[in-house]
Amino acid sequence: MVGMVGLWGAVQVELLEDVRAQVVRLDTGQACTVERASLPKGVREGDVVVDGRLEPGQTEARRQDVARIRARLAVPVPPQFDL
């Protein structure tokens, strides 16, 4: 499905390609494909876009949440194991 990001509210950019991008709606978790031209200039994978505007504060908050969850799920390696 190709549509306008601004009509959807908040989305996170998952994958950028030449002409299209995959985004995930933050309210439902639904992934969709949009025209890359409908995203703001300078957008990167992982960025949060709200109503067509890049939201650096929300992007950073989501990155910190992911880092916190990854740290919590990390399994410590006992000293006798050499990886």
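Each chain carries its own residue numbering, running from 1 in the direction its sequence is written. Residues qualify for local features only when their pLDDT is at least 70, as the model is predicted, and side-chain atom pairs are given and counted only at 80 or more; totals for whole chains, interfaces and linings, by contrast, use all residues. In computing side-chain values, all of the structure's heavy atoms are included and hydrogens and water are not.

### Notes on the pairing of strand 3 (residues 31–35)
No. 1: Exposure is judged per residue with a 1.4 Å probe applied to protein chains only, and the accessible area is read against the type maximum: over 50% gives exposed, under 20% gives buried, and values in between give partly exposed. By the criteria applied, helices consist of DSSP H or I runs no shorter than four residues and strands consist of E runs no shorter than two, each listed in order from the N terminus. Because side chains alternate across strand 3, one face comprises the buried residues C32 and V34, and the other comprises A31, T33 and E35, none of which is buried.
No. 2: We call two strands paired when DSSP finds no fewer than two bridges between them. Judged from the five bridges that link them, strand 2 (residues 20–25) and strand 3 form a sheet pairing that is antiparallel. Across the sheet, V24 pairs through a bridge with A31, a residue of strand 3.
No. 3: The turn linking strand 2 back onto strand 3 is made up of five residues, and G29 within it adopts a positive phi angle of 80 degrees.

### Notes on the pattern of salt bridges
No. 1: For this document, the term salt bridge refers to a Lys or Arg side-chain nitrogen within 4 Å of an Asp or Glu carboxyl oxygen. Under the counting rule described, the total for this entry stands at five salt bridges.
No. 2: Across the pair E35 and R20 runs a salt bridge whose closest N-O atoms are separated by 3.4 Å. Within this pair, whereas E35 is found in strand 3, its partner R20 is found in strand 2, the two being separated by 15 residues in sequence.
No. 3: Take E35: its relative accessible area is 28%, and that puts it in the partly exposed class.
No. 4: Linking R53 and E55 is a salt bridge whose minimum nitrogen-to-oxygen distance equals 3.6 Å.
No. 5: The class of R53 is partly exposed, set by a relative accessible area of 48%.

### Notes on the nonpolar core
No. 1: As used in this record, nonpolar core signifies buried Ala, Val, Leu, Ile, Met, Phe, Trp, Tyr and Cys residues forming a set joined through side-chain atoms within 4.5 Å. Core analysis: the biggest nonpolar cluster contains nine residues, these being V11, V13, L16, A21, V23, V34, L39, V43 and V49.
No. 2: Per element, the largest residue contribution to this core is three residues, and it comes from strand 1 (residues 10–16).

### Quick look at the environment of R36
No. 1: If you trace the backbone, R36 turns up in the loop between strand 3 and strand 4 (48–50).
No. 2: Residue R36 is classed as partly exposed on the basis of its relative accessible area, which comes to 33%.
No. 3: Sequence separation between R36 and E17 is 19 residues, and the spatial gap between their C-alpha atoms is 7.6 Å.
No. 4: Beyond its immediate chain neighbours, meaning those up to four positions away, R36 contacts L16, E17, D18, V19, R20 and A21.
No. 5: The definition of a polar contact used here is a pair of N or O atoms within 3.5 Å, where within protein one atom must be able to donate a hydrogen and the other to accept one, and adjacent residues in sequence count solely through side-chain atom pairs. Within the structure, the side chain of R36 is placed 2.8 Å from the backbone oxygen of E17, a separation counted as a polar contact. It only takes one pair of heavy atoms within 4.5 Å for two residues to be counted as in contact.

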